[in-house]
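Understanding the architecture of this molecule
These are the residues of each chain, in order.
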Amino acid sequence: MRKKLYLLFILSAGFLSSCHRSNLNYNFPETEAIRLNQIGYYPESKKFAAISAHEATGTFYLTKADENTPVYEGDLSEAVSSDYSDKKTKLADFSAFTQKGEYRLVIPSAGKSYPFKIEDGIFEELAKGSIKAFYYNRASSPLLEQHAGIWAREAGHPDDQVKIHASAASEQRPEGSVVSAPYGWYDAGDYNKYIVNSGITMGTLLSLYEDFNDYFHHQNLNIPESDNQNPDLLDEILWNLKWMLKMQDPNDGGVYHKLTTAEFEGMVMPHEATNQRYMVAKSTAATLNFAAVMAQASRIYKQYHPSLATECLNAAEKAWDWAKLNPAQLYRQDEINKIHIPQIQTGTYGDNNVEDEWIWAAAELYISTQNISYQENISGPVDSFTLPNWSNVGWLGYYSLLRHRNKLNNPPKDVLDKAKNQLLNQADVYVESVKNSRFHSVMGKNASDFNWGSNSNAANQGILLIQAYLLSDKQEYLEAALSNLDYILGRNATGYSFITGYGSKTPLYPHHRPSEAEPDKAPVPGFLVGGPNPGQQDNCDYPSNIPDESYIDETCSYASNEIAINWNAPLAYLTNALEAIYSK
Ligand code: 9MR
Ligand code: 9MR
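Since we're looking at a predicted model, the values are computed, not measured.

1. Remarks on the overall build of the protein chain
The number of helices and strands found in the protein chain is 16 helices and 14 strands. For the protein chain, whose C-alpha radius of gyration is 25 Å, the value lies close to the compact-globule estimate of 25 Å for 584 residues. Across its three principal directions, the C-alpha atoms of the protein chain cover 85 × 55 × 50 Å. Classification of the 584 residues of the protein chain by burial places 63% in the buried group. Of the roughly 22,400 Å² of accessible surface on the protein chain, a fraction of 48% belongs to carbon and sulfur atoms. Computed over 48 positive and 70 negative side-chain charges, the inter-centroid distance for the protein chain is 4 Å.

Structure (structure tokens):
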């Protein structure tokens, strides 16, 4: 039985102070065994903590963070087992406690948790930080102290002298000719810029703006453009958009796969990473990602930068035409390296199936132009729902079609109905899976949730649930989305809050060159690390092979502890969407 002990304390201030002087038996040592959202909870939302079953029995308590007096107590759940290990957890449910403040959770057999808050706007700072992270990864710009604080740094990578690699040579732009493609965000812990991964990243951020634009008219990120009249989110996205436009060959509309050094640079600051950069091979996947992003951007920026919006739409149509003529230009780095020098060893983002890219590009072009001829490429049967990732973007297209369903010329009713059904069915599956989950989250139901960048799966599942909420208004979808943010912020098998600088136990050694190159500083904040990945492709010394524990906070570990723009974008979506919804 839960007892609302705190009600007693408001009866008399004298009772409260004498109570907290005498009642020392809740003063337990802090333990990381109690897994909870290390930032906190909304007053009205579900609140759970988890603990491994053998460490916990009986009753749990909530105390104020700086006092040892219990304000709430409850019973731990029965042990919940895992489908892919013999580990069990018990859950503490304190959803009924809604008093604002700062607390700790105490389990006498284990200790007391990190402090956490119950507040309105609990994720407001994190929501900003998740977007500000993109600013910190800007290429071609110094970061000034007034915006970047201790992470101020010199400009790196002007990218105004990029060489056309042999794989990208054309009549007008022969091998070795020089082009300019400045700006953009570094992809990840490395300094290269890849169009395919920019695709899903930009699509996710632009969709965040389309879904919640009101919210962004008040958000201040303290970036160099914060003083102008436009939403900071759109200013930040613009930094990468300007770069992407330069990745299109104006002569034929094809888009280069990436702008990169031949090999990864060392662990140095941006301005010290000065090796020659190349434009490498045009590809169908890059060109269709580009078409989708430019088409979506054209409708969003129309109000702010009309001529840029026109440029984007023209670029999108030109890219589409190139893809029609070159539908099977897959990016095969091994093949390129057999015939060209220098060999290119950086990230491949090779995608052997571009069906989903056609769907996404067609959907965005159709929405922005209202030209029904694009329906040809989206009217095929919608398969079951598949979670978006950099190589699987079809559902970005369906999300957009559903978002604009009431504004379409001659809407493809059949496609829209199917997409809506499949989206809601998947959301129901996610809601169900929380019920038997060891960490009370959607994330982690299946061992297959844990791959390279697994934390982005948690965030992308959250996006699906927010889409379901927007279509249905059902609170349970919102709660399920929140359960995955709780997972990311510490209610998980590792005990880490996976975002640099946000939480009590956070990654200190992310695989991120600017963070590694200045080891005396805290890592650059606001970045979501990849997370548990039993693939362990980096051969670092992991503490566990169990899928949800296969994570190590070491710079060595690019397969579990790197950061990346396509992982931060869904984090930004999830946190900002929740804040936008809960602040209404
Ligand atoms: O730093 C690189 C990281 O961004 C990539 O995700 C990773 C996989 O492609 O590769 C990292 O670079 C490593 C390279 O692959 C092998 N030599 C050591 C490099 C730094 O750890
Ligand atoms: O996120 C990518 C992951 O899905 C792939 O399995 C992995 C190996 O190809 O590459 C990841 O992307 C990396 C990219 O290749 C280079 N920059 C860093 C990216 C994140 O680790």
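2. Overview of the UniProt feature "domain: Cellulase Ig-like" (unreviewed entry) in the protein chain
Sequence positions flagged by UniProt for "domain: Cellulase Ig-like" (unreviewed entry) are, in local numbering, residues 31-111. Helix makes up 0% of residues 31-111 and strand makes up 43%, while its end C-alpha atoms are separated by 5 Å.

3. Some thoughts on the pattern of salt bridges
On inspection of all chains with the given rule, the structure shows 23 salt bridges. The shortest N-O distance in the salt bridge between E364 and R299 comes to 2.6 Å. Of the two residues, E364 sits in helix α10 (residues 355-369) while R299 sits in helix α7 (residues 284-301), which places them 65 residues apart along the sequence. One salt bridge in this structure joins E518 and K521, with 2.7 Å as the shortest N-O distance. Accessibility expressed as a relative area gives 26% for K521, which makes it partly exposed. It is possible to trace a salt-bridge network through shared partners that takes in E210, D211, R299, E364 and R403.

4. Structural notes on helix α5 (residues 195-212)
Every α-helix carries 3.6 residues per turn, so stepping three or four residues along brings you back to the same face. Along its 18 residues, α5 runs 25 Å from first to last C-alpha, staying within 8% of the 26 Å computed at 1.5 Å per residue. Along α5, 18 of the 18 residues are buried, which leaves the element largely enclosed by surrounding structure.

5. A word on the state of the cysteines
Summed over all chains, the structure comprises one disulfide. With a sulfur-sulfur separation of 1.8 Å, C540 is cross-linked through a disulfide to C556. Here C540 and C556 share a disulfide; its torsion about the S-S bond, -105 degrees, makes the bridge left-handed. Here C540, found in the loop between α15 (513-517) and α16 (565-582), pairs with C556, found in the loop between α15 and α16; they are 16 residues apart in sequence, far enough to count as distant. Given a relative accessible area of 9%, C540 falls into the buried group.

6. Quick look at the packing of helix α13 (residues 454-472) against α16
As a packed pair, α13 and α16 sit with axes 8 Å apart at the nearest point and diverge in direction by 40 degrees. When you trace α13 past α16, the crossing you get is left-handed. Residues S456, A459, N460, G462, I463, I466, Q467, Y469 and L470 of α13 form the contact with α16, whose participating residues are N566, W567, P570, L571, Y573, L574, A577, L578 and I581. Classifying every residue of the contact of α13 with α16 by side-chain character gives 13 nonpolar, five polar and no charged.

7. Regarding the confidence of the model for the protein chain
On average, residues of the protein chain carry a pLDDT of 94, and 95% of them reach 70 or more. Scored below 50 in pLDDT, residues 1-24 shows 31 contacts in the model against residues more than four places distant or in partner chains.

8. A few points about the site of ligand 2
The environment of ligand 2 is formed by D187, A188, D190, Y194, G347, Y349, W390, W452, E562 and W567. Take Y349: an N or O atom from its side chain is 3.3 Å from an oxygen atom of ligand 2. In the model, an oxygen atom of ligand 2 is placed 3.1 Å from a nitrogen or oxygen of the W452 side chain. Notes on ligand 2: free accessible area 460 Å², of which the protein chains cover 78%. By residue class, the composition of the shell around ligand 2 is six nonpolar, one polar and three charged.

9. What about the sheet that holds strand β14 (residues 278-282)?
The strands making up a sheet are joined through hydrogen bonds of the backbone, oriented either antiparallel or parallel. Read from one edge to the other, the open sheet built from five strands follows the order β11-β10-β14-β13-β12, with strand pairing classed as mixed. Each edge of the open sheet is held by one strand with a lone partner, namely β11 (178-179) and β12 (193-194). Note that β12 and strand β13 (residues 256-260) share two bridges and pair antiparallel. Of the residues in β13, the one forming a bridge with Y194 is K258.

10. Observations regarding the sheet that holds strand β2 (residues 48-52)
As summarised here, the arrangement of the three strands in space is β2-β6-β5, forming an open sheet in which the pairing is antiparallel. Among the strands making up the open sheet, the edge pair consists of β2 and β5 (80-81).

11. Concerning unusual backbone geometry
Cis geometry marks the peptide bond from I341 to P342, where omega comes out at -10 degrees. Within the secondary structure, P342 sits in the loop between α9 (333-339) and α10. The backbone phi angle of Y183 is positive, close to 70 degrees, even though this residue is not glycine. The residue N410 is not glycine, and still its phi comes out positive at about 55 degrees. Position of N410 among the secondary structure elements: in the loop between α11 (394-403) and α12 (413-435).

Definitions and cut-offs
- Residues numbered from 1 in each chain as written.
- Chains lettered and ligands numbered in written order.
- Predicted model: local features only at pLDDT ≥ 70, side-chain atom pairs only at ≥ 80, totals over all residues.
- Heavy atoms only, no water.
- Helix = DSSP H or I, 4+ residues; strand = E, 2+ residues; numbered from the N terminus.
- Rg over C-alpha atoms; globule rule 2.2 N^0.38 Å.
- Buried < 20%, exposed > 50% of the residue type's maximum accessible area, 1.4 Å probe, protein only.
- Areas by Shrake-Rupley, 256 points an atom, 1.4 Å probe, with all protein chains shown as cover.
- Lys, Arg positive; Asp, Glu negative; His and termini not counted.
- Charge placed at Lys NZ, Arg CZ, Asp CG, Glu CD.
- UniProt positions renumbered as here; feature names shortened; annotations may be inferred.
- Salt bridge = Lys/Arg side-chain N within 4 Å of Asp/Glu carboxyl O.
- Expected span 1.5 Å × (residues − 1).
- Disulfide = S-S within 2.5 Å.
- Axes fitted to C-alpha atoms, helices over the stretch in contact; angles between N-to-C directions.
- Left-handed = near helix turned anticlockwise from the far one by under 90°.
- Contact = heavy atoms within 4.5 Å.
- Nonpolar A, V, L, I, M, F, W, Y, C, P; charged D, E, K, R; others polar.
- pLDDT = per-residue confidence, 0-100.
- Near = heavy atom within 4 Å.
- Polar contact = N/O pair within 3.5 Å; in protein donor to acceptor, adjacent residues only side chain to side chain.
- Pairing = 2+ DSSP bridges.

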